[in-house]
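# Commentary on secondary and tertiary structure
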Amino acid sequence: MSISKACVLAAALYLGFGLTARAQMAGDAPSSADKDLLEVTIPQLEAFYREHKYTVTQVVQWYLDRIGRYNGIYAALEKVDAQGALATAAREDAEAQAGGSGFPRGPLWGVPIVIKENTSVQGLVTSDGWQGYVIPGHELVAPRDATIVVKLRAAGAVILGKTNMPDFAASDTNRSTAYGRTGNAYDVRFSPGGSSGGTVTAVTANLALLGNGTDTGNSIRMPASTSAVVGVFPTRGLVSIAGIAPLDWLLDNTGPIARDVTDAAIALGVMAGEDPGDPATIGSATKAQPEPYTQYLRADALKGKRFGVPACILDGAGIPFQGSPAAETDAQVAADREAARVSLQPETRAAFLRAVEALRAAGATVVFDDSILPENFAATVSRVGTLAYIREGTEKFLAACGPAEYHSAEEYERAVGAPLPPTIIGGDKPGTVPNDTRPVVQQATFENNPQAEADVLEPRRKALEIYNSTLDRLHLDGYVYPAAQMPPPDETMPQDGEISGGPHSDTGWVNMIGVPAVVVPAGFYANGLPFGLEIAARPWHDGDLLGWAYAFEQATHWRKPPVLVDRGLIPVGGPPAERK
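Attention in this report is confined to the structure presented alongside it. Residue indices follow the written sequence of each chain, beginning from 1 at its first position. Residues qualify for local features only when their pLDDT is at least 70, as the model is predicted, and side-chain atom pairs are given and counted only at 80 or more; totals for whole chains, interfaces and linings, by contrast, use all residues. Computation of side-chain values: all heavy atoms of the structure, hydrogens and water removed.

What follows deals with the side chain of Asp36. Along the chain, Asp36 falls in helix α3 (residues 33-37). Think of it in three bands: with a 1.4 Å probe and only protein chains considered, a residue is buried below 20% of the maximum accessible area for its type, exposed above 50%, and partly exposed in between. Classification of Asp36 as buried rests on a relative accessible area of 15%. Apart from residues lying up to four places away in sequence, Asp36 is in contact with Phe48, Lys53 and Tyr54. The secondary structure listing takes helices from DSSP runs of H or I that are at least 4 residues long and strands from runs of E that are at least 2 residues long, numbered from the N terminus. Any two residues whose heavy atoms approach within 4.5 Å are treated as being in contact.

Below you can see the structure in the form of structure tokens.
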């Protein structure tokens, strides 16, 4: 039996215990739990613990029961670690009882969370959404925690399990060969977006209080927009990605996903910090705005602020994922860009304009101008070509976090009898042009490759200069735009002749230059599915960014929880045995 199936079976067995057995172990939660915990925030949960209204075990059991009821329909969690979660809860309850009212608690003490499947949790399989990492006898069992998991545990968080994701995080929807499809909590037929679709569904459906997402081209922000949650893409280097299976380590990032900005700010403060395992974080302490991030959360934070709307978003300017290497001709890059073009849909434009009016009502100025991040910005950022360096990230991850059986791509192939796919070790072509006759991009080591300057560093500097100089020229504080170019699609119906691979966004430039961005709930489409507003800021102004999101949240209060179903629909997850 695979580790994945074993974890699910253990969870199912535990969740199958009768009411009496659970009462003997921890005592039943008060009847008010369904009301108190449904949309509970971290500060509210802390108050419940201080007042001794609930034990950590009672809260964790409430979440496990809820997962047992709904996960078979929505398939947000690939693995449920009931045993580990309850053990942590019992330990924290014992510590609190022994320590009395003065017991020091971390900022996430007793907070039930979920972890995305590409993020290492010691002793659990890191499926990365891919069936090749869950082959019986060859599972990628994590020997250690990712850096952010270490930090989350140290802050007192209780890990309930790991969330489903598409293979290697390389999709705009949430279909996994390791587990199956995750559905949108607002309507299971629709996509929650990818690749953090499992986390956003778990958080918005109240199967956990918060979780982490990862983002290589839009994968925190676009799914957050489909599900009325807050998704934070920190300045690259603020939070370590060590211990997270990479898709493209030069573009990857991780950050919190929560139901409100306050919880996201608390979680970001826990996750942030320098880490020798991630060189991009070294020196971040002197660049970042001071913590705690909650100090920036003011209801009037939008008053007097000026935001520009990127013309490239409104125009649907194509920016190829992973860009185009310097060796590509202008004509080839133009073809790649045309193939990557994603038009802004009329209903999304209308939803965005409603959000703009809300920003203005909260005291902000929003500027529309054709010179704000226009075509030349999209063309420049498209030249940030990272495809030649992806194998290096995979090799470093396996060396540090692979199981005893394999610590490299070569060892994986020798052990399993099949290679890792080009998506994570190279062998693909740049861009998305159909019937491409160009040779595949050869892999190289980034740090000692002279070509890295022309491929990545120089165009990144040029694009960041356009980004910052536009802010200076128009006296802007940041940018605002739709987090996705379209509403979440119905995945039971073909879209444009085929099953949708979306929804799609036009926001990969954020990853290419590493600036911070946040998505905040900003209303609903006519069919009841959410729309999300994205806000971006100068590098290292993460606190200001969260302050603006908080002010927007407080001015609108547009989030509303989904109404879930637990029967009457075809489950969307993996094999039937894993959905019980």
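The terminal C-alpha atoms of helix α6 (residues 82-99), which comprises 18 residues, lie 25 Å apart, in line with the 26 Å expected from a rise of 1.5 Å per residue. Within the sequence span of α6, burial applies to Ala82, Ala85, Leu86, Thr88, Ala89, Glu92, Asp93 and Ala96. Projected down its long axis, α6 shows its buried positions confined to an angular sector of 160 degrees, all on one face. In α6, the exposed positions angled more than 90 degrees off the buried face are occupied by Gln83 and Ala98. Gly100 sits one or two residues past α6 and shows a positive phi near 70 degrees. Expected span of a helix, by definition, is 1.5 Å for each gap between consecutive residues, and there is one gap fewer than residues. The directions considered for the arc are those from the helix axis to the C-beta atoms.

This part is about the pairing of strand β9 (residues 306-309). Regular strands place their side chains on alternate faces of the sheet. The sheet contact formed by β9 and strand β10 (residues 365-368) spans four bridges and is parallel. Looking at the pairing, Arg306 lines up with Thr365 of β10. Following DSSP output, two strands are said to pair if at least two bridges run between them. In this structure, β9 lies alongside strand β11 (residues 478-482), joined through two bridges in parallel fashion. From the neighbouring strand, Gly308 faces β11, where its bridge partner is Tyr479.

Here the bond from Gly194 into Ser195 is cis, since omega is 10 degrees, no more than 30 degrees from zero. Residues other than glycine seldom take positive phi values, yet Ala75 does so here, at roughly 55 degrees. Although it is not a glycine, Trp540 sits at a positive phi angle of roughly 70 degrees. Assignment of secondary structure puts Trp540 in the loop between β15 (530-537) and α21 (542-556). Taking the relative accessible area as the measure of exposure, Trp540 reaches 15% and is therefore buried.

As a further point, take the nonpolar core. Grouped together as the largest cluster of nonpolar side chains are 105 residues, with contacts concentrated most on Leu108 and Leu533. At ten residues, helix α5 (residues 56-74) tops the list of elements feeding residues into this core. Not counting residues up to four positions away in its chain, the partners in contact with Leu533 are Phe352, Ala355, Leu359, Val480, Tyr481, Val518, Val519, Val520, Ala522 and Phe552. The criterion is simple. A nonpolar core is a set of buried Ala, Val, Leu, Ile, Met, Phe, Trp, Tyr and Cys residues joined through side-chain atoms within 4.5 Å. One finds Ala378, Tyr389, Leu474 and Trp509 within the second-largest nonpolar core, a separate group that totals 38 residues.

To continue, consider the packing of aromatic side chains. Any two rings among Phe, Tyr and Trp, with Trp reduced to its six-membered ring, count as a pair given centres within 6.5 Å; such a pair is stacked if its planes are under 30 degrees apart, edge-to-face if over 60, and tilted if neither. Throughout the structure, instances matching the rule amount to 20 aromatic pairs. The interplanar angle of 35 degrees and the centroid separation of 6.4 Å between the aromatic rings of Tyr293 and Tyr296 together place this pair among those described as tilted. Comparing Tyr293 with Tyr296, the two get one shared label, buried. Between Tyr389 and Phe446, the ring centres sit 5.2 Å apart and the planes meet at 85 degrees, which makes this aromatic pair edge-to-face. One end of the pair, Tyr389, is in the loop between α15 (375-381) and α16 (390-401); the other, Phe446, is in the loop between α18 (422-425) and α19 (451-473), with 57 residues separating them in the sequence. You'll find Tyr389 and Phe446 in the same group, each marked buried. Through a chain of ring-to-ring contacts, three or more aromatic side chains come together here, namely Trp130, Tyr133, Phe168, Tyr406 and Tyr412. Whether a charge sits over a ring comes down to the Lys NZ or Arg CZ being within 6 Å of the ring centre and within 35 degrees of the ring normal. Positioned above the aromatic ring of Phe233, the side-chain terminus of Arg221 is 5.1 Å from the ring centre. Positioned above the aromatic ring of Phe524 is the side chain of Lys560, whose terminal nitrogen or guanidinium carbon lies 4.8 Å from the ring centre.

A few words on the layout of surface pockets. Approximately 1,400 Å³ is the volume attributed to the largest pocket. As for the largest pocket, its lining consists of 48 residues, of which Asp172, Val342, Gly501, His504 and Ser505 are closest to the centre. Taken together, the residues of the lining of the largest pocket break down into 20 nonpolar, 19 polar and nine charged. Here the term cavity refers to a set of points on a 1 Å grid, laid over the protein atoms alone, in which a 1.4 Å probe fits but cannot get out; the term pocket refers to an open set having protein on both sides within 12 Å along at least five of seven lines, with lining residues being those that place an atom within 4 Å of a point. Grid points are joined across faces, edges and corners, and a volume is the space filled by probe spheres set on the points. What the second largest pocket holds in volume is close to 850 Å³. As a working rule, the residues Ala, Val, Leu, Ile, Met, Phe, Trp, Tyr, Cys and Pro are called nonpolar, Asp, Glu, Lys and Arg charged, and the rest polar, with Gly in that last group.

The next subject is the pairing of strand β2 (residues 112-116). Taken across its five residues, β2 has five buried, putting it largely inside the fold. Of the two faces of β2, both are covered, the one formed by Pro112, Val114 and Lys116 as well as the one formed by Ile113 and Ile115. Both β2 and strand β3 (residues 158-163) contribute to a ladder of five bridges, which runs parallel. Bridge pairing in β3 places Ile115 opposite Lys162.

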